[in-house]
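# Analysis of the macromolecular model
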Amino acid sequence: MKLLSFEYQGRPGFGLLRGDAVVDLSQQGHADLHAVLAAGALPRLADLAAGLDATLPLAALTLRPPIAAPGKIICVGVNYGNRNEEYKDGSAPPQYPSVFPRFPESFVGHGQPLLRPPESEQLDYEGEIALVIGKAGRRIAAADAWSHVAGLTCLNEGTIRDWLRHGKFNVTQGKNWDASGSMGPWLVTADEFDPRAPLTVTTRVNGEIRQHDTTANLMFPFDELIRYISTWTTLQPGDVISTGTPIGAGVRFTPPRFLKPGDVVEVEVSGIGTLSNPVADEAAARS
């Protein structure tokens, strides 16, 4: 199933994508997709949707991130094998994942503008695959990890590069600017994937491929990320784990190729679809 969150005629909603239209599930006893996951109601919702018509045109909807307000968004850095070499510091591959938090306000939905703030011209892109947790767990074994995944979505982990260097031991302030990243366009449920089959992630800027890799090259695969992260924090339904970005971010070019107003960033993941967002200056977008 492809499940999405949206706004339609001024009201929030969620539903199931069927072709170019959406089955509206907003009046079926749950406030949003987050509440559906918390209630363990995905199977019931699927059965219910089978008997309903798709009445909302997809083109008429404003898409939001599939989970609008996750309790936790945990991002993983330097997770593709050749990313470590990209730093050119001679360091050995890491023994443990590098992780940091992001806040819900730092993400917009498919089609919404990524905002370059007036404080910096170094807005960058990072195309990623995100896991959405469907079942709570602590100290989850790697062999059981997939059973805790509700689905997958595309994510652009937009970054303000110069603000990453403000702190000696953290990157939080460079990773959490309002509307600097995006998530969507929808959540594809875990039953649509073979957890043993690699997925590809591709990032394009104005149609030019900047990033392309396969999850076969992850240093810490999905099951190991869930095992490691759940060791120290309880994963809850609706939590998001963003699994890392391939080489090719704008900062790695000489000279760097940061995003500018008018650019369009696309993140495409096999089996999910394409997340697309224009870029705008914050002041202009909010004036």
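Computed from a predicted model, the values in this text were never measured in an experiment.

## With respect to the nonpolar core
- The biggest cluster of nonpolar side chains holds 38 residues, and the ones touching the most others in it are Leu-4 and Leu-152.
- If you tally residues by element for this core, the top one is helix H4 (residues 222-232), at four residues.
- Mapped onto the domain boundaries, this core takes at least three residues apiece from domain 1 (1-64) and domain 2 (67-281).

## Some points on the domain arrangement of the protein chain
- Parsing the protein chain into structural domains produces domain 1 (1-64) and domain 2 (67-281).
- Measuring from the centre of the C-alpha atoms in domain 1 to the corresponding centre in domain 2 gives 24 Å.
- Roughly 1400 Å² of surface becomes buried between domain 1 and domain 2 when both sides are summed, with 63% attributable to carbon and sulfur atoms.
- In terms of surface lost to domain 2, no three residues of domain 1 exceed His-34, Leu-37 and Leu-63, which account for 39% of the buried area on that side.
- The tally of links from domain 1 across to domain 2 stands at zero salt bridges.
- Of all the elements in the fold, those that place two or more residues in the side of domain 1 that touches domain 2 are strand S1 (2-8), helix H1 (33-38) and strand S5 (62-64).
- When the residues that make up the side of domain 1 that touches domain 2 are grouped by side-chain class, the tally is 10 nonpolar, two polar and two charged.

## Some thoughts on the packing of aromatic side chains
- Throughout the structure, instances matching the rule amount to two aromatic pairs.
- In this structure, Arg-102 is placed above the aromatic ring of Phe-107, and the distance from its NZ or CZ to the ring centre is 4.5 Å.
- Over the face of the ring belonging to Phe-253 we find Arg-257, whose NZ or CZ atom lies 5.0 Å from the ring centre.

## Side note on the side chain of Thr-245
- Assignment of secondary structure puts Thr-245 in the loop between strand S17 (240-242) and strand S18 (264-269).
- With a relative accessible area of 2%, Thr-245 lands in the buried category.
- A polar atom in the side chain of Thr-245 sits 2.8 Å from the backbone oxygen of Gly-127.
- A distance of 2.8 Å separates the side chain of Thr-245 from the side chain of Gln-211, its partner in a polar contact.

## Considerations on the layout of surface pockets
- Size it by volume and the second largest pocket reaches roughly 320 Å³.
- Forming the walls of the second largest pocket are 18 residues, and the residues nearest its centre are Pro-195, Arg-196, Pro-221, Phe-222 and Asp-223.
- Across the lining of the second largest pocket, the residue classes break down as 14 nonpolar, one polar and three charged.

## A word on H4
- What H4 keeps buried is the set Phe-222, Leu-225, Ile-226, Ile-229 and Ser-230. Mapping the buried residues of H4 onto a view down its axis gives an arc of 115°, with all of them on the same face.
- Along its buried surface, H4 packs onto strand S6 (73-77), strand S11 (127-133), strand S12 (149-156) and S17.

## Description of helix H2 (residues 42-49)
- For H2, the full list of buried residues reads Leu-42, Leu-45 and Ala-49. What you see down the axis of H2 is that its buried residues fit within an arc of 60°, all on one side. Opposite the packed face of H2, turned more than 90 degrees from it, sit the exposed residues Pro-43 and Asp-47.
- Looking at the buried positions of H2, the neighbouring elements they touch are S1, strand S2 (11-18), strand S3 (21-24), H1, S12 and strand S14 (181-189).

## Re the pairing of S11
- Where burial is concerned, most of S11 is hidden: seven out of the seven residues are buried.
- Judged from the seven bridges that link them, S11 and S12 form a sheet pairing that is antiparallel. Within the sheet, the bridge partner assigned to Leu-131 lies in S12 and is Leu-152.
- Note: S11 against S17, three bridges, orientation antiparallel.

## Brief notes about the pattern of salt bridges
- Using the criterion set out here, one finds 15 salt bridges in the structure.
- A salt bridge links Glu-208 to Arg-257; its shortest N-O distance comes to 2.8 Å. Of this pair, Glu-208 sits in strand S16 (residues 208-214) while Arg-257 is found in the loop between S17 and S18, placing the two residues 49 residues apart along the sequence.
- The class of Glu-208 is partly exposed, set by a relative accessible area of 33%.
- Note that Glu-224 is salt-bridged to Arg-227, the shortest N-O span being 2.8 Å.

Calculation rules
- Residues numbered from 1 in each chain as written.
- Predicted model: local features only at pLDDT ≥ 70, side-chain atom pairs only at ≥ 80, totals over all residues.
- Heavy atoms only, no water.
- Core = buried A, V, L, I, M, F, W, Y, C linked by side-chain atoms within 4.5 Å.
- Buried < 20%, exposed > 50% of the residue type's maximum accessible area, 1.4 Å probe, protein only.
- Helix = DSSP H or I, 4+ residues; strand = E, 2+ residues; numbered from the N terminus.
- Domains from an automatic or database assignment.
- Buried area = accessible area lost by both parts, 1.4 Å probe.
- Salt bridge = Lys/Arg side-chain N within 4 Å of Asp/Glu carboxyl O.
- Nonpolar A, V, L, I, M, F, W, Y, C, P; charged D, E, K, R; others polar.
- Phe/Tyr/Trp six-rings, centres within 6.5 Å; stacked < 30°, edge-to-face > 60°.
- Lys NZ or Arg CZ within 6 Å of the ring centre and 35° of its normal.
- Polar contact = N/O pair within 3.5 Å; in protein donor to acceptor, adjacent residues only side chain to side chain.
- 1 Å grid on protein atoms, 1.4 Å probe; cavity = no way out; pocket = protein on both sides within 12 Å on 5 of 7 lines; lining within 4 Å.
- Points joined across faces, edges and corners; volume = space filled by probe spheres on them.
- Arc of directions from axis to C-beta.
- Contact = heavy atoms within 4.5 Å.
- Pairing = 2+ DSSP bridges.

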